[in-house]
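An overview of the molecular structure
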Amino acid sequence: MILSICDNLDILRILRIVKTAILLIKIVVPIILIVSCMIEVISIITSNDVEISGKLLKSWVRKVIAALLIFLIPTFINLLADLGSADTNEIAKCFQNSTNERIEELTIEQAKKYIVQAKESLSNPDYYVANRMVNKIKTDSVKNELTKELELISSYISMRNEIYELAKKYDSEKYKSLKAKLEAISDEKIRERLLKEFEENVKSRDIGWWWPVGSKQTTTLNGVTYAEGEPATTRITAYFGGNDAVHKGLGGGHGAIDIGAYRDNVIASKSGTVVYPGKNDRIDYPDQAIKPDENGKYNCAGLNGNYVKIDHGDGITTLYQHLYKNTITVRAGDHVEQGQVIGISGSSGCSSGPHLHFQMELNGTRIDPLNYVSSSNPRP
Ligand SMILES: [Zn+2]
């Protein structure tokens, strides 16, 4: 058998089947013959009829000879064929290689199938199966290509997890960054699907600017207290740029609004990052009601009082002054949510009586807060 072995595996496969069939015949047929002889031998021994026994003896001898021939002839042919055939190790190797190739093809195919599945489900179990399949693939170029795709799927899965984490524990910074990340997904189908899940599960808490006095009732969510209901008060006692007696006495002008409030919850008008007070800043100034001197002048030097300043980005900051001692619950660097209670109103610092001084600045210049917040529409 002089064949280019690895190129003629189909012929080798047929020959293998034929060889196996011959092997079966040369074992099974003699066994049948020998068993039938044994049965006949037993019948000779148990029979007293000598004539019949003689016939049986002849048939028995014939069968044994036939069995020997059936066994020996194919064995002899096989032996001759093997002597002339190619190296059996080489044939085995060819078969092994062809099997490996088929397994590899199958694995790549399967891995691709799982990748599609993982992409459709965007769930971890499917992703892990796909990942395991890809790890098994030995063809580097295919592996790299599939690994890149898997990395993308993994990033989609983690974004999806972020959506549900955010639904459980809201954070406006994360809301903004996740939304931007989702909008930047290049796969249109995935982008639309994840944005839909995002819209359905996470609602932005950041709407318009809120009136800075909170409701009397509070709710606590993940350890953060909110007073985002109907404000306890919307009474304005001094307007921006006001020249009422007190502010005249202070030197004239007023770069903020004053809201008549007594021990009321003060809330962040919008989400942002606290810039004051720092860890070491005093928040225990006592309440006071400073009085004008005989000329109607107020001496406020050094009377800072307790206050909170929040940076909202885009150059806008808010400031909440005259808070009651030791009620400020946030510190510089803290992220605060819209409606979050940051302290209780009081009369600390340069204050003639209980009120909340609410100040807004744009790039360091004071602006009229009533262009942003509204007492008639306090929670837009
Ligand atoms: Zn004021």
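All values derive from a computational prediction rather than experimental measurement. (Residues numbered from 1 in each chain as written. Predicted model: local features only at pLDDT ≥ 70, side-chain atom pairs only at ≥ 80, totals over all residues.)

**Things to note about the overall build of the protein chain**
For clarity, the cut-off: Helix and strand definitions follow DSSP, with helices as H or I runs of at least four residues and strands as E runs of at least two, each counted in order from the N terminus. Radius of gyration means the value over C-alpha atoms here, while the globule rule gives 2.2 Å times the residue count to the 0.38 power. Partly exposed residues are those whose C-beta has more than 12 but fewer than 20 other C-beta atoms within 10 Å; with 20 or more the residue is buried, with 12 or fewer it is exposed, and the C-beta atoms are placed from the backbone. Here, residues touch in the contact sense if the C-beta positions derived from the backbone fall within 7 Å of one another.
Looking only at helices and strands, the protein chain has eight helices and twelve strands in total. At 46 Å, the protein chain has a C-alpha radius of gyration far larger than the 21 Å of a compact globule built from 380 residues. Viewed in the frame of its principal axes, the protein chain has a C-alpha envelope of about 155 × 55 × 35 Å. Out of the 380 residues belonging to the protein chain, those deemed buried represent 24%. Put simply, of all contacts in the protein chain between residues at least 6 apart along the chain, 66% involve residues at least 24 apart.

**As for the pairing of strand β6 (residues 272–276)**
Rule in force here: Here the rule is simple: two strands pair whenever DSSP picks up at least two bridges between them.
Examined bridge by bridge, β6 and strand β9 (residues 335–336) share two bridges and lie antiparallel to one another. Its bridge partner being in β9, T273 is matched across the sheet by H335. Pairing analysis gives three bridges linking β6 to strand β7 (residues 306–311), with the strands arranged antiparallel. Bridge pairing in β7 links Y276 to K309.

**Some words on the domain arrangement of the protein chain**
We apply this condition: Domain delimitation follows an automatic or database domain assignment. Each residue is assigned to one of three groups, with Ala, Val, Leu, Ile, Met, Phe, Trp, Tyr, Cys and Pro labelled nonpolar, Asp, Glu, Lys and Arg labelled charged, and all others, Gly among them, labelled polar.
Looking at the assigned domains, one finds that the protein chain contains domain 1 (5–86), domain 2 (96–201) and domain 3 (219–371). Each of domain 2 and domain 3 was reduced to a C-alpha centroid, and the two centroids are 49 Å apart. Among the residues forming the side of domain 2 that touches domain 3, the class breakdown is one nonpolar, one polar and three charged.

**Looking at the packing of helix α5 (residues 140–168) against helix α7 (residues 188–201)**
To keep things clear, this is the line we draw: Helix axes are fitted to C-alpha atoms over the stretch in contact, other axes to C-alpha atoms as well, and angles between N-to-C directions run from 0 to 180 degrees. For classification, angles of less than 35 degrees are called roughly parallel, those exceeding 145 degrees roughly antiparallel, those between 65 and 115 degrees roughly perpendicular, and all remaining angles oblique.
Two elements in contact, α5 and α7, have axes separated by 9 Å at closest approach and are oriented at 10°. The pairing of α5 with α7 is recorded here as roughly parallel in orientation. Residue-level inspection shows Y156, M159, R160, I163, Y164 and A167 of α5 in contact with α7, the latter providing I190, L194, E197, F198 and N201. Looking at the contact of α5 with α7 residue by residue, the classes come out as eight nonpolar, one polar and two charged.

**Re α7**
Under the convention used in this document: Each residue after the first adds 1.5 Å to the expected span of a helix. Arc definition: it is the arc formed by the directions from the helix axis to the C-beta atoms.
In this model α7 runs 20 Å from its N-terminal to its C-terminal C-alpha over 14 residues, within 8% of the 20 Å that 1.5 Å per residue would give. Looking only at α7, the buried set comprises I190, L194 and F198. Summarising the axial view, the buried residues of α7 lie within an arc of 65°, below the 170-degree limit, and thus occupy one face. The outward face of α7, more than 90 degrees from its buried face, is lined by the exposed residues E188, K189, E192, K196 and E200. Buried-residue contacts for α7 involve α5 and α6 (172–183).

**With respect to the environment of S351**
Among the secondary structure elements, S351 is positioned in the loop between β10 (341–344) and β11 (356–362). For the pair S351 and A289, spaced 62 residues apart in sequence, the C-alpha separation works out to 5.8 Å. Excluding residues within four positions of it along the chain, S351 makes contact with Q288, I290, G305 and H322.

**Some remarks on the pairing of β7**
As judged from the five bridges shared by β7 and strand β8 (residues 316–323), these two strands associate in the antiparallel manner. Bridge pairing in β8 places K309 opposite L319. Hairpin connection between β7 and β8: a loop of four residues separates the two successive antiparallel strands, and G313 in this loop has a positive phi of roughly 80°.

**Examining the environment of A111**
Looking at where A111 falls in the secondary structure, it is placed in helix α3 (residues 88–121). Along the primary structure A111 and M133 are separated by 22 residues, whereas in three dimensions their C-alpha atoms are 5.2 Å apart. Other than its neighbours up to four places away in sequence, A111 contacts A130, M133, V134, I137 and L146.

**Considering helix α4 (residues 124–136)**
Spacing of three or four residues puts side chains on the same side of an α-helix, whose turn is 3.6 residues. Helix length check: α4, at 13 residues, gives a terminal C-alpha distance of 19 Å against a target of 18 Å (1.5 Å per residue), a fit within 8%. Those residues of α4 that fall on the buried side of the exposure criterion are Y127, A130, M133 and V134. Along the long axis of α4, the arc covered by the buried residues comes to 125°, so they all point the same way. The exposed residues of α4 that point more than 90 degrees off its buried face are P125, Y128, R132 and N135.

**Quick notes on unusual backbone geometry**
Between Y276 and the following residue, P277, the backbone shows a cis peptide bond with an omega angle of 0°. Here P277 shows up in the loop between β6 and β7. A positive phi angle, near 55°, is found at D314, a position not held by glycine. As for its position among the elements, D314 is in the loop between β7 and β8. Residue class for D314 comes out exposed when judged on the 7 C-beta atoms lying within 10 Å of it. Positive phi is not limited to glycine here, since H322 has a value of about 70°. Mapped onto the elements, H322 comes out in strand β8. On the basis of neighbour counts, which here come to 28 C-beta atoms within 10 Å, the residue H322 falls in the buried class.

**Thoughts on the nonpolar core**
Filter applied, for reference: By definition, a nonpolar core groups buried Ala, Val, Leu, Ile, Met, Phe, Trp, Tyr and Cys residues that connect through C-beta atoms lying within 7 Å of each other.
The biggest cluster of nonpolar side chains holds 31 residues, and the ones touching the most others in it are V266, I267, V308, Y320, L323, I342 and L356. Looking at this core, the elements with two or more residues in it are β4 (257–259), β5 (265–267), β7, β8, β10 and β11. In this structure I267 touches W210, P212, G214, A227, E228, G339, Q340, V341 and I342, once residues within four positions along its chain are discounted. Core analysis: the second largest hydrophobic core is formed by 17 residues, A111, M133, I153 and L194 among them.

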